[in-house]
Amino acid sequence: MKNTFGQNVAVTIFGESHGEEIGVVIDGLAPGITIDHEFIASQLTLRRPAGKISTSRQEKDEYRIVSGVFEGKTTGTPICIIIPNQNTKSKDYSATRALARPGHADYTAYCKYHGFEDYRGGGHFSGRITTGLVAAGAIAINALKKKDIHIGTHIRELGGIKDREFDNINGDIEALNKKTFAVLDEDAGEKMYKKIEETAAKGDSIGGMLECAVTGVPAGVGEPWFDTVEGLLAHALFSIPAVKGVEFGKASDLKDAYGSEYNDSFCIKDGKIETVTNNNGGINGGITNGMPIIFRCRIKPTPSIYKEQDTVDFFKNEEAVLKIKGRHDPAIIHRARVVVDSVAALVICDLLSGRYGTDFLA
């Protein structure tokens, strides 16, 4: 089983949706990084459900850091963060144990773990496990801020409704990180919110697209071929259960463009080398060019819906009909946004530590 990511700054996640506790271990993070408990708590709040557009399962996420921190600073040894599960209703899942929920990992987990997996709430495959990534990511985000590296994500598209693109990127990032529903255009945000409410009323779910920007990463970070910036980010981002597609720059917007339209011309601005456009998302040859790193994540609709669906009983090997009960999100894109920020921060920390040494972030 592979639950660890990273070479220089490594992250290991553990736990199950309805288990006693979930958590994360961060290994390789530099000593001397300040632990801001208020910021960690605020980031966890952004991941938690809120209102009619989210599940009714509420967890306090009262995390504990049990190693790797002393007198408010990282020690350089592994940091272990533990988060209790308190609001579970495991009986919601016992009646449908052998029914493969469409879009979920019930059947594939059964095939891999031979029936010994904890199936309640999706077990180890649940989005609940991303809580540890957000807690770890909060530490990474703060470390990067000290190096003037900033990360922000917004809902670029949902249900045919589009938010505006990044413009004044650092200003946009600052604004987004103060919002629970992360959009740049408030009118578009209101329409998206209403769309999710309408979807919930139908017992269905909806997905969309997130767009993330990372500013301040110097040119020359990343390795060619197998450890490219795109490759490592995509590898980690695809660990987020809802992510079904990752693209960099304006790959899909300019899929029919000519080279003369897609290429980013270089220029000198205030004595610094930049590109006039940023269609490649700040990366050339798998290595950062100093421009903002821009990528997008396609988020699938929540697989748990309140409509009847055809499925199979994999104990009896026969077809069946499933109608899910319990507590589920009509959309998870607004909650996934902080998970994307967190994963991006952890990957950037890993890349920077590989380029400049682990003490770079101290």
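Look a little higher up for the structure.
Residues numbered from 1 in each chain as written. Predicted model: local features only at pLDDT ≥ 70, side-chain atom pairs only at ≥ 80, totals over all residues. Heavy atoms only, no water.

### Re the sheet that holds strand 3 (residues 21-27)
Taken in spatial order, the five strands line up as 1-2-3-7-4 in an open sheet, and their pairing is antiparallel. Where the open sheet ends on each side, the last strands, each with one partner, are strand 1 (4-5) and strand 4 (64-67). Packed on one face of the sheet, helix 4 (residues 130-145) meets strand 2 (10-14), strand 3 and strand 7 (79-84) and runs near 135° to strand 7. (Pairing = 2+ DSSP bridges. Helix = DSSP H or I, 4+ residues; strand = E, 2+ residues; numbered from the N terminus. Contact = heavy atoms within 4.5 Å. Axes fitted to C-alpha atoms, helices over the stretch in contact; angles between N-to-C directions.)

### Looking at the packing of helix 1 (residues 37-47) against helix 4
Closest axis-to-axis distance for the helix 1/helix 4 pair is 9 Å, and the angle between their directions is 135°. Here helix 1 is positioned oblique relative to helix 4, judged by the angle of their axes. The two elements helix 1 and helix 4 meet at a crossing, and its hand is right-handed. Residues F39, I40, Q43, L44 and R47 of helix 1 pack against T130, T131, V134, A135, A138, I139, I141, N142 and K145 of helix 4. Split into classes, the residues belonging to the contact of helix 1 with helix 4 amount to eight nonpolar, four polar and two charged. (Parallel < 35°, antiparallel > 145°, perpendicular 65-115°, else oblique. Left-handed = near helix turned anticlockwise from the far one by under 90°. Nonpolar A, V, L, I, M, F, W, Y, C, P; charged D, E, K, R; others polar.)

### A short note on the environment of I82
If you trace the backbone, I82 turns up in strand 7. Judged by relative accessible area, which is 15%, I82 ranks as buried. (Buried < 20%, exposed > 50% of the residue type's maximum accessible area, 1.4 Å probe, protein only.)

### Details of the packing of helix 4 against helix 9 (residues 333-356)
Two numbers describe how helix 4 lies on helix 9: the axes approach to 7 Å, and their chain directions differ by 55°. Relative to helix 9, the element helix 4 lies oblique. When the axes of helix 4 and helix 9 are compared, the crossing they make is left-handed. Where helix 4 approaches helix 9, its residues T130, L133, V134, A136, G137, A140, I141 and L144 are matched on the opposing element by V338, V339, D341, S342, V343, A345, L346, I348, C349 and L352. For the contact of helix 4 with helix 9, the residue count by class is 14 nonpolar, three polar and one charged.

### Let's talk about the side chain of D172
Relative to the elements of secondary structure, D172 occurs in helix 5 (residues 169-176). The buried category is assigned to D172, whose relative accessible area is 7%. Other than its neighbours up to four places away in sequence, D172 contacts R164, E165, F166, D167 and L184.

### Regarding helix 4
Over its 16 residues, helix 4 extends 22 Å from the first C-alpha to the last, a length consistent with the 22 Å expected when each residue adds 1.5 Å. Of all 16 residues in helix 4, 15 are buried, a share of seventy percent or more. (Expected span 1.5 Å × (residues − 1).)

### Let's talk about helix 7 (residues 229-237)
Turning to helix 7, its buried residues are V229, L232, L233, A234, A236 and L237. Buried-residue contacts for helix 7 involve strand 1, strand 11 (243-248), strand 14 (283-284), strand 15 (287-288), strand 16 (293-299) and helix 9.

### A closer look at the packing of aromatic side chains
Taken as a whole, this structure holds eight aromatic pairs when the rule is applied. Look at F248 and F295: their rings are 5.9 Å apart centre to centre, the planes differ by 50°, and that puts the pair in the tilted class. One end of the pair, F248, is in strand 11; the other, F295, is in strand 16, with 47 residues separating them in the sequence. Each member of the pair, F248 as well as F295, carries the same accessibility label: buried. Taken together, Y107, Y110, F314 and F315 form an aromatic cluster joined through their ring pairs. (Phe/Tyr/Trp six-rings, centres within 6.5 Å; stacked < 30°, edge-to-face > 60°.)

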